[in-house]
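# Residue-level structural notes
Here is how the chains run, residue by residue.
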Amino acid sequence: QVQLVESGGGLVQAGGSLSLSCAASGMVFSSYNMGWFRQAPGKEREFVAVVSWRGITTYYLDSVKGRFTISRDNTKNTVYLQMNRLKPEDTAVYYCAAHRTPWGTSSNRNDYNYWGQGTQVTVSS
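Residues numbered from 1 in each chain as written. Predicted model: local features only at pLDDT ≥ 70, side-chain atom pairs only at ≥ 80, totals over all residues. Heavy atoms only, no water.

### Some points on the state of the cysteines
This structure, assessed with the given rule, holds 1 disulfide. The disulfide partner of Cys22 is Cys96, and the S-S distance across this bridge is 1.9 Å. Remark: Cys96 occurs in strand 9 (residues 92–99) and Cys22 occurs in strand 3 (residues 18–25); sequence separation between them is 74 residues. A relative accessible area of 0% means that Cys22 is categorised as buried. By relative accessible area, Cys96 is classed as buried at 0%. (Disulfide = S-S within 2.5 Å. Helix = DSSP H or I, 4+ residues; strand = E, 2+ residues; numbered from the N terminus. Buried < 20%, exposed > 50% of the residue type's maximum accessible area, 1.4 Å probe, protein only.)

### Some thoughts on the sheet that holds strand 1 (residues 3–7)
Spatial strand order, 1-3-8-7: 4 strands in an open sheet with antiparallel pairing. With partners counted over all chains shown, the strands left at the sheet margins are strand 1 and strand 7 (68–73), one partner each. The average angle at which neighbouring strand axes cross in this sheet is 15 degrees, direction not considered. As paired strands, strand 1 and strand 3 are joined by 5 bridges and run antiparallel to one another. If you follow Gln3 over to strand 3, its bridge partner there is Ser25. (Pairing = 2+ DSSP bridges. Axes fitted to C-alpha atoms, helices over the stretch in contact; angles between N-to-C directions.)

### Some thoughts on the pattern of salt bridges
For the coordinates displayed, the defined rule picks out 5 salt bridges. A salt bridge links Arg109 to Glu44; the nearest nitrogen and oxygen atoms lie 3.6 Å apart. One end of the pair, Arg109, is in the loop between strand 9 and strand 10 (114–115); the other, Glu44, is in the loop between strand 4 (33–39) and strand 5 (46–51), and 65 residues separate them in sequence. Salt bridges sharing partners connect three or more residues here, namely Arg38, Glu46, Arg67 and Asp90. (Salt bridge = Lys/Arg side-chain N within 4 Å of Asp/Glu carboxyl O.)

Here you go:
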């Protein structure tokens, strides 16, 4: 079965950096667009970033543009999220997810087929 396993979360001070990884198995990783979402307590899960199946196209939530970078390595079946200049409002559980749609990348969580279990990111002020 498909598994997405996130790692790399933790506690960091504002202005610091964290690097998240998501390892995929049980799927043809290179045929899926991969996204990162996050969910803060009491809030809905929101889109953060997506990378196309070949790694050519990326798209970001406006509030993370210039601070976060999504990338992937199809030889390792892994997608990454490098997070720099973190802010307290970035605190959330971060989830990776996979989707495959005819129209390309999507920021709509309802388009995603598979989800990881999440990793906690906490940014202290």
